[in-house]
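Descriptive structure summary
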Amino acid sequence: MRTMPTEVFPVNVAERVYTIVFMFVACSIFAVCITKVTTMFNKISEKRSVFSEGLATLKSYMHSYHISSGLQHRCVDYLEALFV
């Protein structure tokens, strides 16, 4: 959908410089946003990994001390609820 009857192009040097600078700034801001999103996903993945390791350690501990399966299940459910 066009908003103007014809395409608009930079005509003189000042308009071309403005367009190039604006596009560079826009690309830089986009790159920063992508980096922030990637960092957030990496942090979430790292926290999930640490939680999974801790949960495996807890399960191993409860199994080695012959804790009843009902109590094991309740403990795991409680920790999973805290993690979410």
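None of the values given here were measured: they were computed from a predicted structure.

**Points about the overall build of the protein chain**
Check the secondary structure of the protein chain and you find two helices and zero strands. Along the longest, intermediate and shortest principal axes, the C-alpha atoms of the protein chain span 80 × 25 × 15 Å. Of the accessible surface of the protein chain, which amounts to about 7,800 Å², a share of 69% is contributed by carbon and sulfur atoms. Side chains of the protein chain carry 8 positive and 6 negative charges; the gap between the two charge centres is 2 Å.

**Notes on the state of the cysteines**
Working definition: the covalent bond between the sulfur atoms of two cysteines is a disulfide. Evaluated as defined, the whole model comprises zero disulfides. In this model Cys-33 remains outside any disulfide bridge; the closest cysteine sulfur is found in Cys-27, 12 Å from its own. Note on Cys-33: relative accessible area 43%, which makes it partly exposed.

**Details of unusual backbone geometry**
Unlike most non-glycine residues, His-66 shows phi in positive territory, near 55°. Mapping His-66 onto the fold places it in the loop between α1 (13-64) and α2 (69-83). Overall, the relative accessible area of 71% leaves His-66 in the exposed class.

**A few points about a nonpolar patch on the surface**
A contiguous nonpolar surface patch, about 580 Å² in accessible area, is contributed by Val-13, Val-17, Val-21, Phe-24, Val-25 and Ile-29. Relative to the assigned elements, Phe-24 resides in helix α1.

**Quick notes on the packing of aromatic side chains**
Scanning the model with the defined rule gives three aromatic pairs in all. Considering the side-chain rings of Phe-51 and Phe-83, the 4.4 Å spacing of their centres and the 15° angle between planes classify their relative orientation as stacked. Placement of Phe-51 in helix α1 and of Phe-83 in helix α2 is noted, with a sequence separation of 32 residues between them. Classification of Phe-83 by relative accessible area gives partly exposed; the value is 35%. Between the aromatic rings of Tyr-61 and Tyr-65, the centroid separation amounts to 4.7 Å while the plane-to-plane angle is 50°, which identifies the pairing as tilted. Tyr-65 gets classed as exposed once you look at its relative accessible area, which sits at 55%.

Procedures and definitions
- Residues numbered from 1 in each chain as written.
- Predicted model: local features only at pLDDT ≥ 70, side-chain atom pairs only at ≥ 80, totals over all residues.
- Heavy atoms only, no water.
- Helix = DSSP H or I, 4+ residues; strand = E, 2+ residues; numbered from the N terminus.
- Areas by Shrake-Rupley, 256 points an atom, 1.4 Å probe, with all protein chains shown as cover.
- Lys, Arg positive; Asp, Glu negative; His and termini not counted.
- Charge placed at Lys NZ, Arg CZ, Asp CG, Glu CD.
- Disulfide = S-S within 2.5 Å.
- Buried < 20%, exposed > 50% of the residue type's maximum accessible area, 1.4 Å probe, protein only.
- Patch = residues over 30% accessible without salt bridge, like charges linked within 9 Å, V, L, I, M, F, W, Y side chains within 5 Å.
- Salt bridge = Lys/Arg side-chain N within 4 Å of Asp/Glu carboxyl O.
- Phe/Tyr/Trp six-rings, centres within 6.5 Å; stacked < 30°, edge-to-face > 60°.

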